[in-house]
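One letter stands for each residue in the lines below.
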Amino acid sequence: NMDNKVFDTWNDINGIMENSQEDLTRFINGNKAAGTRLRKHMQNIKHLAQEVRVEVQQQKNSVTA
C-alpha cells in the first residue's frame, strides 16, 4: 500500500536530498552560504527521519497478530 505516511515522508527526504545536491557541490567549492543551506537541509532530513521512526513504530505496534 503506497498510501502510507512512511512512504510519503521517505519521498520528502529523497526530494530534499536531490534539491540539496547543488548546495553540497557549492559548499565543497568554498561557498559558505551554500554550507548554511546544506545544514538546514540536513536538519530537515533529521526531523523527517525521526517522523519515519515514530510512524514505523506506531504502525508496527498497531498490527494485530
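I will try to describe carefully the structure that is included in this document.

The subject of this paragraph is the overall build of the chain. Helices and strands together make up the secondary structure of the chain, namely 2 helices and 0 strands. For 65 residues, the compact-globule estimate of 2.2 N^0.38 gives 11 Å, and the chain exceeds it by more than 25% at 15 Å. Projected onto its principal axes, the C-alpha positions of the chain cover 55 × 20 × 10 Å. Residues counted as buried form 20% of the 65 residues belonging to the chain. Taking the intrachain contacts of the chain between residues at least 6 apart in sequence as the baseline, contacts between residues at least 24 apart amount to 62%. A total of about 5400 Å² of accessible surface is found on the chain, and carbon and sulfur atoms cover 54% of it. Averaging the locations of the 9 positively and 8 negatively charged side chains of the chain gives two centres separated by 12 Å.

Our focus in this paragraph is helix α2 (residues 32-62). Its 31 residues place the ends of α2 45 Å apart at the C-alpha level, agreeing with the 45 Å of an ideal helix rising 1.5 Å per residue. When we look at burial in α2, the residues that qualify are Ala34, Gly35, Leu38, Ile45, Leu48, Val52 and Glu55. The inward-facing, buried residues of α2 abut α1 (5-28). Here α2 starts with a cap whose side-chain oxygen sits 3.0 Å from the backbone nitrogen of Ala33, and that cap is Asn31.

Moving on, we come to the side chain of Glu55. With respect to the element layout, Glu55 can be found in helix α2. For Glu55, which is buried and forms no salt bridge, the nearest opposite charge comes from Lys5, at a distance of 4.2 Å. Among residues more than four places away in sequence, those in contact with Glu55 are Lys5 and Val6.

On the surface, Leu24, Phe27 and Ile28 cluster together to form a nonpolar patch covering roughly 290 Å² of accessible area. Positionally, Phe27 belongs in helix α1. The class for Phe27 is partly exposed, based on a relative accessible area of 43%.

Between the first and last C-alpha of α1 there are 34 Å, a value that for 24 residues agrees with the 34 Å anticipated at 1.5 Å per step. Taken as a whole, α1 carries its principal kink of about 40° at Ser20. All of the buried residues in α1 are Val6, Thr9, Ile13, Ile16, Ser20 and Asp23. In the core, the buried residues of α1 are packed alongside α2.

Rules used in this analysis
- Residues numbered from 1 in each chain as written.
- Predicted model: local features only at pLDDT ≥ 70, side-chain atom pairs only at ≥ 80, totals over all residues.
- Heavy atoms only, no water.
- Helix = DSSP H or I, 4+ residues; strand = E, 2+ residues; numbered from the N terminus.
- Rg over C-alpha atoms; globule rule 2.2 N^0.38 Å.
- Buried < 20%, exposed > 50% of the residue type's maximum accessible area, 1.4 Å probe, protein only.
- Contact = heavy atoms within 4.5 Å.
- Areas by Shrake-Rupley, 256 points an atom, 1.4 Å probe, with all protein chains shown as cover.
- Lys, Arg positive; Asp, Glu negative; His and termini not counted.
- Charge placed at Lys NZ, Arg CZ, Asp CG, Glu CD.
- Expected span 1.5 Å × (residues − 1).
- Polar contact = N/O pair within 3.5 Å; in protein donor to acceptor, adjacent residues only side chain to side chain.
- Salt bridge = Lys/Arg side-chain N within 4 Å of Asp/Glu carboxyl O.
- Patch = residues over 30% accessible without salt bridge, like charges linked within 9 Å, V, L, I, M, F, W, Y side chains within 5 Å.
- Bend = angle between axes of the 7 residues up to and from the residue.

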